[in-house]
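# Chain and residue survey
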Amino acid sequence: MNPEPLNVYTISTDTDARTRESTSLSTTGVLVAPALLVVVVLFGGGLVLGVIQSLAHFPAADSDRLTFEHFANVLSDPDFLQSLTLTLYVSTTSTAIAAVLSIMLALVLIALSVRYRFVHFIFQIPLTVPHLVVAVAVLFMLSPTGIFSRFALKFGLIDSSASFPLLINDRWGIGIILAYVWKEIPFITLMILAVLRNTGVELLEVGRTLKAGPWQRFRYITLPTISPSLGAACLIVFAYTFGAFEIPFLLGQTYPMMLPVWAYKNYSDVDLLARPEGIATGIIIAGVIIVAIVLAQTLIQAARRRGVVL
Amino acid sequence: MRGKKRIFRIDYFLKLVSGFIAAAVLSLTPQANALTWSQVLEHARGQTVDWFMWGGFPSTNAYVNGYVAPRVKELYGVNLRQVPVKDISEIVSKLLVEQQAGKNEGGEVDLMWINGENFRTCKKNNLLHGPFADRLPNQKLVDWTRPSVHNDFGEPVQGLESPWGSAQVVMIYDSGRIPHPPQTMGDLLDWIRKHPGRFAYPAPPDFTGSVFVRHIFYHVSGDAAFWQGEFDEKRFNEAAKKTYMLLKEMAPSLWRQGMTYPENPVRLAHLLADGEVDFAISYHPAEASKMIHDGLYPETVRTFVFKEGTISNTHFVAIPFNAAAKEGAMVVADFLISPEAQLKKADPEVWGDFPAIDIERLDPTWQEKFNSLPRGIATLSNRELQTHQLPEPPSEILIRLEKGWQKHVLKGR
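How each quantity is defined
- Residues numbered from 1 in each chain as written.
- Chains lettered and ligands numbered in written order.
- Predicted model: local features only at pLDDT ≥ 70, side-chain atom pairs only at ≥ 80, totals over all residues.
- Domains from an automatic or database assignment.
- Contact = placed C-beta atoms within 7 Å.
- Helix = DSSP H or I, 4+ residues; strand = E, 2+ residues; numbered from the N terminus.
- Core = buried A, V, L, I, M, F, W, Y, C linked by C-beta atoms within 7 Å.
- Buried ≥ 20, exposed ≤ 12 C-beta atoms within 10 Å, placed from the backbone.
- Axes fitted to C-alpha atoms, helices over the stretch in contact; angles between N-to-C directions.
- Parallel < 35°, antiparallel > 145°, perpendicular 65-115°, else oblique.
- Left-handed = near helix turned anticlockwise from the far one by under 90°.
- Nonpolar A, V, L, I, M, F, W, Y, C, P; charged D, E, K, R; others polar.

### Section: the domain arrangement of chain B
Residues and elements named next belong to chain B. Segmenting chain B into domains produces domain 1 (30–164 + 313–379) and domain 2 (170–312 + 389–410). A separation of 28 Å is found between the C-alpha centroids of domain 1 and domain 2. Across the boundary between the two partners, domain 1 contributes 21 residues, which contact 23 residues of domain 2. Broken down by secondary-structure element, the contributors of at least two residues to the side of domain 1 that touches domain 2 are α5 (116–124) and α6 (147–150). Broken down by element, the side of domain 1 that touches domain 2 gets its largest block of residues, three residues, from α5.

The following block contains the structure:
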């Protein structure tokens, strides 16, 4: 995960209202332009090219006409629903677990008033470890003949490596979820900590003087304070885990496979006719992520309008 | 005036002659820009050749980076860079995109190590430079009449790729655990049923997993040679159906009850080393010895081939149509089949890959060098291997079996 969104957020929380006012619209435009250009040209351009290729006939020689054939092939595949469900399950579960653990961790760290710089430093280490490395590490630790299993065997906790629980390439994607949770906790925690550090403590003291219990303080003060950045972090994590390939490829079952693995398999198939289907799958992944983001935003807006404090 | 006229005539004459020569050259070689070998060497000097290849085999990587690269630099001034990839089909996809985009020169890929399936794709889509293999001086050492050199997975090579080495499937086991391994495919299948959870094969379309399925295909169809001929739809469908049935019935007896498969032979080798399974499969006869030498396998690991034989093939290198350093790539391809490079490659301490050249065509001193190479402790003798060879089926059969396996065995439809 790229640590950039984090910095962006930290800056925006640190910016107080006065400086925001003084920054004119044109200055903002100039400052945002390079980043926007890169995103629009590279990412948007790639997406557009992808859409075109997924709609094109193959071979390219007679590709004047556009077709939804490849999308139809993917969507009508009996495995599609299964793969989509599995992917949704893995990404929501890992996002939810990571979010809950991150909130707890952030609260503990704030309560212990651990020096922020130290925490920041420690948490940046897992942020920089590539997902691929995490996948291989999980494989070596949790496979039936991995380090944990060997220790368990040595200390007589299990009688053979075969009785070690299946955590890798397993039916429930436990290995994948564990790898994602380990990788995303520091990211979400840092996002929450950034907010809590600025606003959390004073408000909690006010709450305490007003005789609010610990749960009430959490529900009515902490949660509303952190929810915007928590929501943003969760969406980033969800989008990433939904579309990333390396962890499910190494730690997932051969079948059913998660959508990104499916897209890759089709794309690198010797049968070149499978390529547009691979791209179509990629576009579908992007579509699901966009829908998820829009849906989440709409729900939050609706909740705010109804006065539900979240 | 007269003199000028004469000059004009000579000029005209020269043009005519050179035109004839050019026409003759053109008719002899399909390449318009055909160069003599010394011109190729001249152009190659100083070129940087990016060689894309599967990077999952450490000894191959060490051979390429530690030996081939410095030698071609020293001998021909060619800078060779290995670009390891997970699956060369990614590169084939890339080339196809470049072809569509009209990028006909200055391509990133100069040389690639490809397998039969991808060669077929490349050939069908005109993604290859050449023919060039027949122009390499060292090609005289290659026996082009051998079926596995003449055809790459049933696809005529026609000089579009140059051989690099040969390989044969062997089964790997630990003699400390299994003193008497099964000798035929039939016996192995019985063994698997009697020892549930102790056997695995990588999931096709992985290369090694795919070749295991082809052995089963040969086993149930009872005849490997038949498939070399004209494709018989009806017989194929019958044999393929039997293959899937057998593998599907066998799945519950496999590692993890066939719920998941190792993704590649590297993972399978780890499973054998970790004692999770009792056999591994390798398309490299000397790989087990090499792994013992590297301390990855115990000393007691051995290999065997089935009595009815195992599949063997020749592996090749090819040059993409838009390679930036075509001459450099040709020089590297030629060096790869030189006696020196082939001998080094055959050394089990280095890689132990079997030669692509015909040892009999070398002079006696070189022959002696090849014959006196130390053989790894787990490597079978040349004789044992060569008397137990089966050909690869045409790649059409291979692709259909891979697809069929995914549909019927993996997804159970």
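### Quick look at the nonpolar core
One broad trend across soluble globular proteins is that nonpolar side chains are buried collectively. Residues and elements named next belong to chain B. By size, the foremost hydrophobic cluster in this structure holds 57 residues, and its most contacted members are Ile-172, Ala-200, Leu-272 and Phe-279. Among the elements that take part in this core, helix α8 (residues 207–221) stands out by supplying six residues, more than any other. When residues of this core are assigned to domains, at least three map to each of domain 1 (30–164 + 313–379) and domain 2 (170–312 + 389–410). When sequence neighbours within four positions are dropped, the list of residues in contact with Ile-172 reads Leu-272, Phe-279, Ala-280, Ser-282, Ala-288, Val-301 and Thr-303. Cys-122, Val-157, Ala-325 and Val-332 belong to the second largest nonpolar core, which has 54 residues in total.

### With respect to the packing of helix α3 (residues 25–55) of chain A against helix α13 (residues 275–305) of chain A
Residue and element names in this part refer to chain A. It is at 8 Å that the axes of α3 and α13 come closest, and there the two elements cross at 130°. Classified by the angle their axes make, α3 and α13 are oblique. The two elements α3 and α13 meet at a crossing, and its hand is left-handed. Residues Leu-47, Gly-50, Val-51, Gln-53 and Ser-54 of α3 form the contact with α13, whose own contacting residues are Pro-276, Ile-279, Ala-280, Gly-282, Ile-283 and Ala-286. Looking at the contact of α3 with α13 residue by residue, the class counts come to seven nonpolar, four polar and no charged.

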